[in-house]
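Tertiary structure, described
What follows is each chain in one-letter form.
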Amino acid sequence: MHCLYEHSGALPSFLVITDGKTSDVRVVKETSFPILSDSIVSIDRAYIDYYYLNSLNNNRIWFVTRAKSNIDYTVAGQHPVTAKGVVSDSIIRLNGVKTRELYPKELRLIEYYDDETKKTLVFLTNNFNLSAA
């Protein structure tokens, strides 16, 4: 299920049901998925498309995804860590020639340790204003 949730109305405003093999990015690209500026899009890390993420950023749409374990980046800065569970809150730039071409701007990489599951989760976003928690 691919869903656009309108927070202000507390209802889905767009919904597409596909088989489990269809990526969110493909659905967005192939439909008239109406994403407004200042929306926050959550994207499955298996389908990270830096060109698409850059287009979201250019349209002032926020995104959050889990970073792949092999992400190649350089830390350009740090935010102070103040929330419980947040291990680090970094400003990064992608290193790969192709990925840097597809997404040339800075990103935010947040490492969060989930005490309940004993796992560290790594998130990638273009939103530098929200709390890391």
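Residues numbered from 1 in each chain as written. Predicted model: local features only at pLDDT ≥ 70, side-chain atom pairs only at ≥ 80, totals over all residues. Heavy atoms only, no water.

1. Details of the sheet that holds strand β3 (residues 40–43)
How we decide: The rule for pairing is simple: two strands pair if DSSP sees at least two bridges between them. Note on conventions: DSSP H or I runs of at least 4 residues are helices, E runs of at least 2 residues are strands, and numbering of each starts at the N terminus. All axes are obtained by fitting lines to C-alpha atoms, using only the stretch in contact for helices, and the reported angles, taken between N-to-C directions, cover 0 to 180 degrees. Note on contacts: a residue pair qualifies if any of its non-hydrogen atoms lie within 4.5 Å across the two residues.
Overall, mixed pairing links the 6 strands, which are arranged β3-β4-β8-β7-β6-β5 in an open sheet. In this open sheet, the two edge strands, each paired with only one partner strand, are β3 and β5 (73–78). Geometrically, the sheet is characterised by an average inter-axis angle of 30° between neighbouring strands, direction not taken into account. Two strands pair when backbone bridges link them, and strand β7 (residues 107–114) and strand β8 (residues 119–125) are joined in this way by 7 bridges, in the antiparallel orientation. Among the inter-strand pairings, Asp114 is bridged to a residue of β8, identified as Lys119. Seen against the sheet, helix α2 (residues 50–58) touches β3, β4 (62–66), β6 (86–94) and β8 and runs at an angle of roughly 170° to β3.

2. Some words on the nonpolar core
What counts, and what does not: Residues belong to one nonpolar core when they are buried, are Ala, Val, Leu, Ile, Met, Phe, Trp, Tyr or Cys, and are joined through side-chain atoms within 4.5 Å. Here the term buried applies to any residue with accessible area under 20% of the maximum for its type, exposed to any over 50%, and partly exposed to those in between, with areas from a 1.4 Å probe on protein chains only.
In terms of nonpolar packing, the biggest core is built from 20 residues, with Ile43, Tyr50, Leu53, Leu56 and Leu124 touching the most fellow members. The set of elements that each furnish at least two residues to this core consists of α1 (24–30), β3, α2, β6 and β7. Top element by residues in this core is α2. It accounts for 4 residues. Setting aside its immediate chain neighbours within four residues, Leu56 contacts Ile35, Ile43, Ile61 and Phe63.

3. A look at α2
The criterion, for reference: Within 3.5 Å is the distance limit for a polar contact, defined as a pair of N or O atoms, with the added protein rule that one can donate a hydrogen and the other accept it, and that residues adjacent in sequence qualify only through two side-chain atoms.
Regarding α2, the residues found buried are Tyr50, Tyr52, Leu53, Asn54, Leu56 and Asn57. As for α2, its buried residues are in contact with α1, β3, β4, β6, α3 (97–102) and β8. The N-capping residue of α2, defined by a side-chain oxygen 3.1 Å from the backbone nitrogen of Tyr51, is Asp49. Backbone geometry just after α2 places Arg60 at a positive phi near 55°.

4. Brief notes about the layout of surface pockets
Put simply, the rule is: Lining residues are those with an atom within 4 Å of a point, where the points come from a 1 Å grid over the protein atoms alone and group into cavities, where a 1.4 Å probe fits but cannot get out, or pockets, open sets with protein on both sides within 12 Å along at least five of seven lines. Grid points are joined across faces, edges and corners, and a volume is the space filled by probe spheres set on the points. Amino acids are sorted into nonpolar (Ala, Val, Leu, Ile, Met, Phe, Trp, Tyr, Cys and Pro), charged (Asp, Glu, Lys and Arg) and polar (every other residue, Gly among them).
Considered as a void within the structure, the second largest pocket measures approximately 230 Å³ in volume. In this structure, the second largest pocket is lined by Ile40, Val64, Arg108, Ile110, Tyr112, Phe123, Thr125, Asn127, Leu130, Ser131, Ala132 and Ala133. For the lining of the second largest pocket, the secondary-structure elements that each account for two or more residues are β7 and β8. If you tally residues by element for the lining of the second largest pocket, the top one is β7, at 3 residues. Here the residues of the lining of the second largest pocket sort into 8 nonpolar, 3 polar and 1 charged.

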